[in-house]
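# Reading the structure
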Amino acid sequence: MEDGVIIELYFIRDEDALLKTEEKYGKLCHKIAYNILNNREDAEECVNDTYKEMWNSIPPKKPDNLTAFICGITRNLSLKRLEYLKRDKRAKHLTESFDELEEILSSNTAGSISEENIGKLISDFLRGRGRDERNVFIRKYYFFDSVEEIAARYSFTESKVKNMLYRTRQRLKEYLIKEGIEL
Amino acid sequence: MKIPKMAKSMEYIDNDLVSEAASYKRSNIILFINKWGAIAACFAIMLVASVFIYPYIGGDIVGSSTDGPSSSSTDRYKDFMEPTLDYTIGWWWDSLVVYEKYRNITVGDIEYGSSEREISYEYVGEKIGVFTASGYNYTGSGKPTMDCEVYKIKDVSDKKMVAVKMEDSYYIFKSKPFDQPLTLGALLGDFDFDSSVKLSSLALTENEKRSYGVIENDAYIWEIILSCKDATLKGTQDWSKDGKDYVDFTVSSEKLGLYKSVLTVTKDGYLFTNGTNFGRYALYFIGEDNANKIIDYVRSNLKDGKYEPNIPSVPGVITEITDEYIIIDDSAFCNDPDNGIQYKILLNDKRISRYIENDFVRVNELVEVIFEGEIDIEGGYVIDSAYHIKSVIITDGEVMVPEY
């Protein structure tokens, strides 16, 4: 079903909106939540919370990109839940991703810059990269896919994905310095 | 646990980047293995066929305008060929240009199909109306549609061809296979053929000897053809010119969406063309006298010309890839490597740039680049009209296998 039709269902308060959302985006939401939480029950709850948030926020919001909108909600709720749970048993690839992101820009030194501004700079940087490089980076640090999963998704070897990610991180770091961010 | 600021910041990257990564898979090779895939495979084969086989219709069966050696067997190059693939390839929806996406449109009771050719506004006539073009997203779901303005093409029957406006450009859509006009006059009238096509480049075959050349003035030939308007349709398939003397004119016309189609006149009195509609050809009997007048005129006025391949292409090894162009070097393909040339292939068309963007071909790979138009030799062997690139292997002597 087209996203526009799903949004219309939300607007007329038709509960089919939730059904159609689950049909179209359920798998993707579960994937994001599980990548972050590494626990099926927690991921399930997070996805249910995502649907509730969708129901409550549309309307008044009318997202022009439903995929990004629902991914954003799931990711945000999952990260908040991760913070709340203080779970020790985190997925290895998540820890790895956090460490690598921290290497690009330390949370300690980036205190005064808003996350929104950093996000915009990252977007600008990624738009200047090749499509493969850009998508591999986003799969790793937005969707938190493991290197193995990314390699399988793009028919790359794992070492190629690792090298690609390494180079992108280095370039992003240089880009942020160039843009005046003190690292 | 503490979430790094960078991880939170990623939440604010632009929506289109997120949705692209959610759906994007690198390889554009689609392995069609399920039942829907079989349908898609047929579709993809048709796509490929429309690009590569259409110019040859009449070539393999009845001869094309410039039957000649293939690019892989000219004196310049060693033999090379496309490796056999055991799968069908197709493009993801986002990698298609608009006229590849929306391939069908129905106007009244006539269904038209995309000819995959743009037409200049100067040829666009009056507006017919707004109609819904449809496509098939075989890598996604659903049957996408788009409302488009449909226009007549000046002096061309709208029952045969129309111009469809998509994304501010106009594209030729031809009616799906139709009964060919029963007379040569009806064919010429429907397509404004004599005004739209210049008969210049040709190949004359007599006593099995083939000469290539050009004539400067085609008025006399059109005069004869127009005098044969009553010539009746003699066939649309299974006709061969093998063993006959004949002249093949190359037929190209932006207005009619034709590129290197053919109009053939045989000494025994037939006129043939494949320049009317998808894969169909029309054969008319114009009489031996008229045919001989045309052939005699051609023989008397023929000026030397060069062989023109149906599908211009250059082979080479990719030596450089940038965002704007690729460089290929054909030395490895040359019988005399010292004659090698480096071609600069501009990536100014999505149909070619998508191969690069999706990592479909890489540096050091052996490829053949297909293009239309001319090579800018003075500008440094620049090709600005490439639309397809494919991996090849050299089959002359030592077999070389491209690295994937």
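Located above this text is the structure these notes cover.
Residues numbered from 1 in each chain as written. Chains lettered and ligands numbered in written order. Predicted model: local features only at pLDDT ≥ 70, side-chain atom pairs only at ≥ 80, totals over all residues. Heavy atoms only, no water.

### A closer look at unusual backbone geometry
Note that the residue after Ile58 of chain A, namely Pro59 of chain A, is joined by a cis bond; omega there is -20 degrees. The topology assignment puts Pro59 of chain A in the loop between helix H3 (40-57) and helix H4 (66-85). The backbone phi angle of Glu208 of chain B is positive, close to 65 degrees, even though this residue is not glycine. When you line up the elements, Glu208 of chain B lands in the loop between strand S8 (201-206) and strand S9 (209-214). (Helix = DSSP H or I, 4+ residues; strand = E, 2+ residues; numbered from the N terminus.)

### Let's talk about helix H2 (residues 16-37) of chain A
Taken as a whole, H2 of chain A carries its principal kink of about 65 degrees at Tyr25 of chain A. All of the buried residues in H2 of chain A are Ala17, Thr21, Tyr25, Gly26, Leu28, Cys29, Ile32, Ala33, Asn35, Ile36 and Leu37 of chain A. Lining the buried residues of H2 of chain A we find helix H1 (3-11), H3, H4, helix H5 (92-104) and helix H8 (147-154) of chain A together with helix H2 (15-23) of chain B. Note on H2 of chain A: the residue one or two positions beyond its end, Asn38 of chain A, has a positive phi of about 55 degrees. (Bend = angle between axes of the 7 residues up to and from the residue. Buried < 20%, exposed > 50% of the residue type's maximum accessible area, 1.4 Å probe, protein only. Contact = heavy atoms within 4.5 Å.)

### Thoughts on the interface of chain B and chain A
Listed per partner, the contact involves 31 residues of chain B and 50 residues of chain A. For the pairing of chain B and chain A, the buried interface totals around 3,800 Å² over both sides, and the portion due to carbon and sulfur atoms is 59%. The interface formed by chain B and chain A contains five salt bridges. With a closest N to O distance of 2.6 Å, Asp16 of chain B and Arg127 of chain A form a salt bridge. (Buried area = accessible area lost by both parts, 1.4 Å probe. Salt bridge = Lys/Arg side-chain N within 4 Å of Asp/Glu carboxyl O.)

### As for the packing of helix H7 (residues 131-141) of chain A against H2 of chain B
Across the interface, H7 of chain A lies against H2 of chain B with an axial gap of 9 Å and an inter-helix angle of 90 degrees. With respect to their mutual orientation, H7 of chain A and H2 of chain B come out roughly perpendicular. Contact residues: Arg131, Arg134, Asn135, Ile138 and Arg139 of chain A in H7 of chain A; Leu17, Glu20, Ala21 and Ala22 of chain B in H2 of chain B. When its residues are assigned to classes, the contact of H7 of chain A with H2 of chain B shows four nonpolar, one polar and four charged. (Axes fitted to C-alpha atoms, helices over the stretch in contact; angles between N-to-C directions. Parallel < 35°, antiparallel > 145°, perpendicular 65-115°, else oblique. Nonpolar A, V, L, I, M, F, W, Y, C, P; charged D, E, K, R; others polar.)

### So, the pattern of salt bridges
This model, assessed by the stated rule, comprises 35 salt bridges over all chains. Put simply, Glu8 of chain A and Lys62 of chain A hold a salt bridge, and the shortest N to O gap is 3.6 Å. Pair noted here: Glu8 of chain A is in helix H1 and Lys62 of chain A is in the loop between H3 and H4, with a separation of 54 residues, a long-range link. For the salt bridge of Arg127 of chain A with Asp14 of chain B, the shortest nitrogen-to-oxygen distance reads 2.9 Å. Here the residue Arg127 of chain A occupies a position in helix H6 (residues 115-127), and Asp14 of chain B occupies one in the loop between helix H1 (5-9) and H2, the pair thus bridging two chains. Given a relative accessible area of 40%, Arg127 of chain A falls into the partly exposed group. For Asp14 of chain B, a relative accessible area of 26% puts it in the partly exposed group. Ionic contacts of the salt-bridge type, sharing partners, join the residues Lys31, Arg139, Asp145 and Glu149 of chain A into one network.

### A short note on the sheet that holds strand S6 (residues 161-166) of chain B
Residue and element names in this part refer to chain B. Strand order in the closed barrel formed by six strands is S2-S3-S7-S6-S5-S4, and the pairing between neighbours is antiparallel. Pairwise comparison of adjacent strand axes, ignoring direction, gives a mean angle of 45 degrees for this sheet. Pairing of strand S2 (residues 104-107) with strand S4 (residues 124-134), which is carried by two bridges, proceeds in the antiparallel orientation. In the strand pairing of S4, Ile105 is matched with Ala133. (Pairing = 2+ DSSP bridges.)

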